[in-house]
Amino acid sequence: MMRQSASRSSLGRLLVVAGAITVGAAALSSAVSGVGRKFYDDDPLAREPETEDASGVEPWDIDLIYDLSYNLFVTTRRPPDLVRAGNVNTIDEVPDSSWFTNRVGRRDLSAAEVARGPNVDAPPAASAWMVLREKASGFAPGFTAQDATGQTWFISFDPPSNPEGASAAIVVATKLFWALGYNQVENFVTRIDPAAVTIDPGATARRPSGARTPFTRRDLHEVFERAARHPDGSYRAAAGRLLPGRILGGFRYHGTRPDDPNDIVPHEHRRELRALRVFGAWINLTDMKAGNTLDSLVTENGRGVVRHYLQDVGSTFGMGANGPHDWDEGWEYLYEGRSTLRRLLSFGFALSPWQTARYEEHRAIGRFEGDSFDPLTWKPRVPTAAYLAMRDDDAFWAARRVMAFSDELVRAAVEAGEFSDPRAAAYLADVLIKRRDKIGQAYLPRINPIVDPALSATGALTFGNAAVQHRVATPPRSYTATWSLFDNATRESRPLGETKGLGPDMQAPAGLPTTAGSYIRVDLAADHQDHASWARPVAVYFLRQAEGWKLVGLERIPD
């Protein structure tokens, strides 16, 4: 009971961080004003409190045309409020939740773990298939079917123009997004022999009139006609396992789900959704929309919890569902009047970057490259509110996770795509590595990159510099630490002194408190000739405990 009470308090503080968040504004008004403790006993939170029973949540449908039009013509016209992410803990990290589980960058992942990704059970038993219904969403050829063991799978085939392209993109991207921390559907590469496919008598397909009639052999033939066929008559496909729980439909990249009592941070203020601007640029996830997300109601510890998935991440690298990406995908929004007008007025002589980018030809990869790629200008087909709301601290957080992928981990994910041509696999891995490094170069030096501060019991301060560690910046000329006693009740600071060092370590000044429960604040800045933004200090807070000092706070960019 005490823990639940503490968690509710912590959740309130998570909301306070977001600033102008609408839910519970009156109840939180005192916290917003800054009155009250800054840190609590459970800080920093490792898991986002989700204490309410969500069993009453109902399935919903999000109209994709409305969602696309709203984001393209309304969202882009609203200036983002750029408030601090609402679901970060006191050390500026994203706690685990029903949305996100910290993996790469938080702990050491093995290549085998990345190659396995979200898959925990056996692949489909492909000796027999029974079609249950037509493919409900997306444009790739496919259907929903049971395998020989009766398990339900969502089958997506490759387009005839690009054998292995779509199925590999789904499987490889699933591994990468799982390692980044997102909930993912179990996906496998499989083979389907049309002779082993039967149709459930109750299977139906929606006709142009809107009526549903029985799914026929002709319908099945039309699906296979749109798919890449192997010389032996079989078809390669990506098979996604049916999610556990009650399927509720997708989530939007703005607002909240009103009937989910735990969904109280507006989605545009969730850092892991903002960070998709960086992760999406890395992998070229151009099709960000509610239709490629999915919520599922599951039971955990005796109560209902909504688990949130990125369920269709196959429109990645250089591939879409029915062939290579359009030439401008990843470079411009679906509709971008300014660029179109510029090309029109210049009679086509004003070339956009996508018109001069060079791609190595691999049918299994599509249009994907790293030489002309610029993380700062990358765009999905349609922007989301979360994409537009990303701040530099969100991007810094995301870039550290991208940079946490070693070459070995990237190649392990790519191998899971089971490319028949090793040159295609090597090319995809090489481009991902090149784009990874560009993301590090773009975002890590952009703000003060001090990370991982620690203070020993004897007053030895150490920290890291993410930009220097990843060799995207040279070491600064010096570091400065401004020390203060911090009153956690009043939030007032009292100066203790200033220390300087040439490296990421220095000794605290005399006068550090020794009483357990005491707090200190240290403002850490760096002097770099090429990065003036490093002079803006990162504020870190330590709590004195019996065994030494514990990091309880980090503010990279103040509210």
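Just above sits the structure.
To keep things clear, this report deals only with the structure shown in the data block. In this text the structure is predicted, and so the values were computed from the model without any measurement. (Residues numbered from 1 in each chain as written. Predicted model: local features only at pLDDT ≥ 70, side-chain atom pairs only at ≥ 80, totals over all residues. Heavy atoms only, no water.)

1. A word on the overall build of the protein chain
Looking only at helices and strands, the protein chain features 14 helices and 21 strands. Taking 24 Å as the expected radius of gyration for a compact globule of 559 residues, we find that the protein chain reaches 25 Å, a close match to that expectation. Of all 559 residues assigned to the protein chain, the portion counted as buried reaches 56%. In the protein chain, of all internal contacts separated by at least 6 residues, the share reaching a separation of at least 24 is 72%. (Helix = DSSP H or I, 4+ residues; strand = E, 2+ residues; numbered from the N terminus. Rg over C-alpha atoms; globule rule 2.2 N^0.38 Å. Buried < 20%, exposed > 50% of the residue type's maximum accessible area, 1.4 Å probe, protein only. Contact = heavy atoms within 4.5 Å.)

2. Description of empty space enclosed by the protein
Under the criterion given, the structure shown has five cavities of 30 Å³ or more. Of the volumes computed, that of the largest cavity is approximately 100 Å³. Asn284, Glu329, Gly330, Trp331, Tyr359, Arg367, Phe368, Glu369, Phe373, Asp374, Trp378 and Arg435 together form the lining of the largest cavity. For the lining of the largest cavity, a count of residues per class yields five nonpolar, two polar and five charged. Of the pockets and cavities examined, the second largest cavity occupies roughly 50 Å³. Lining the second largest cavity we find Tyr253, Leu285, Asp287, Met288, Lys289, Asn292, Leu310, Asp312 and Val313. Looking at side-chain class alone, the lining of the second largest cavity contains five nonpolar, one polar and three charged residues. (1 Å grid on protein atoms, 1.4 Å probe; cavity = no way out; pocket = protein on both sides within 12 Å on 5 of 7 lines; lining within 4 Å. Points joined across faces, edges and corners; volume = space filled by probe spheres on them. Nonpolar A, V, L, I, M, F, W, Y, C, P; charged D, E, K, R; others polar.)

3. Digging into the nonpolar core
Core analysis: the biggest nonpolar cluster contains 101 residues, and Phe177, Phe279, Phe317, Phe419 and Leu461 have the highest contact counts within it. At 11 residues, helix α13 (residues 422-443) tops the list of elements feeding residues into this core. Setting aside residues up to four positions removed in sequence, phenylalanine 177 forms contacts with Tyr182, Gln184, Leu276, Phe279, Ile283, Leu285, Leu310 and Val313. Listed in part, the 20 residues of the second largest apolar core include Ile155, Phe157, Val197 and Phe224. (Core = buried A, V, L, I, M, F, W, Y, C linked by side-chain atoms within 4.5 Å.)

4. A short note on the pairing of strand β1 (residues 129-134)
Pairing geometry for β1 and strand β5 (residues 197-199), over three bridges, is parallel. Counted as the bridge partner of methionine 130 is threonine 198 from β5. Where β1 and strand β2 (residues 142-146) come together, four bridges link them in antiparallel fashion. Looking at the pairing, methionine 130 lines up with glutamine 146 of β2. (Pairing = 2+ DSSP bridges.)

5. Quick notes on the sheet that holds strand β18 (residues 505-507)
Read across the sheet, three strands follow the order β14-β15-β18 without closing on themselves; strand pairing throughout is antiparallel. Single-partner strands in this sheet number two, and they are β14 (450-455) and β18. With strand direction ignored, the average angle separating the axes of adjacent strands in the sheet is 15°. Note: β14 against strand β15 (residues 460-465), four bridges, orientation antiparallel. Bridge assignment links leucine 455 to a residue of β15, and that residue is leucine 461. (Axes fitted to C-alpha atoms, helices over the stretch in contact; angles between N-to-C directions.)

6. Things to note about unusual backbone geometry
Following aspartate 43, the chain continues to proline 44 via a peptide bond in cis, the omega torsion being -5°. Its place among the elements puts proline 44 in the loop between α2 (29-32) and α3 (64-73). Within the chain, arginine 491 stands out as a residue other than glycine whose phi angle is a positive 65°. Along the chain, the position of arginine 491 falls in the loop between β16 (478-486) and β17 (493-501).

7. As for helix α6 (residues 217-225)
Those residues of α6 not exposed but buried are Asp219, Leu220, Val223 and Phe224. Taken around the axis of α6, the buried residues stretch over an arc of 140°, which confines them to a single face. α6 presents Arg218 and Glu225 as exposed residues on the side facing more than 90 degrees away from its buried surface. (Arc of directions from axis to C-beta.)

8. Thoughts on the pattern of salt bridges
All chains considered together, the criterion is met by 35 salt bridges. Arginine 207 is the partner of aspartate 219 in a salt bridge, and the nearest nitrogen-oxygen pair spans 2.8 Å. Taken together, the residues aspartate 219 in helix α6 and arginine 207 in the loop between β6 (204-206) and β7 (212-214) connect sequence positions 12 residues apart. With a relative accessible area of 25%, arginine 207 lands in the partly exposed category. For the salt bridge of arginine 274 with aspartate 394, the shortest nitrogen-to-oxygen distance reads 2.8 Å. Note that arginine 274 is positioned in helix α7 (residues 271-274) and aspartate 394 in helix α11 (residues 392-403), a separation of 120 residues in sequence. Arginine 274 sits in the buried class, given a relative accessible area of 0%. Since its relative accessible area comes to 0%, aspartate 394 is described here as buried. One continuous salt-bridge network, built from bridges that share partners, spans Arg84, Asp92, Arg271, Arg274, Arg391, Asp393 and Asp394. (Salt bridge = Lys/Arg side-chain N within 4 Å of Asp/Glu carboxyl O.)

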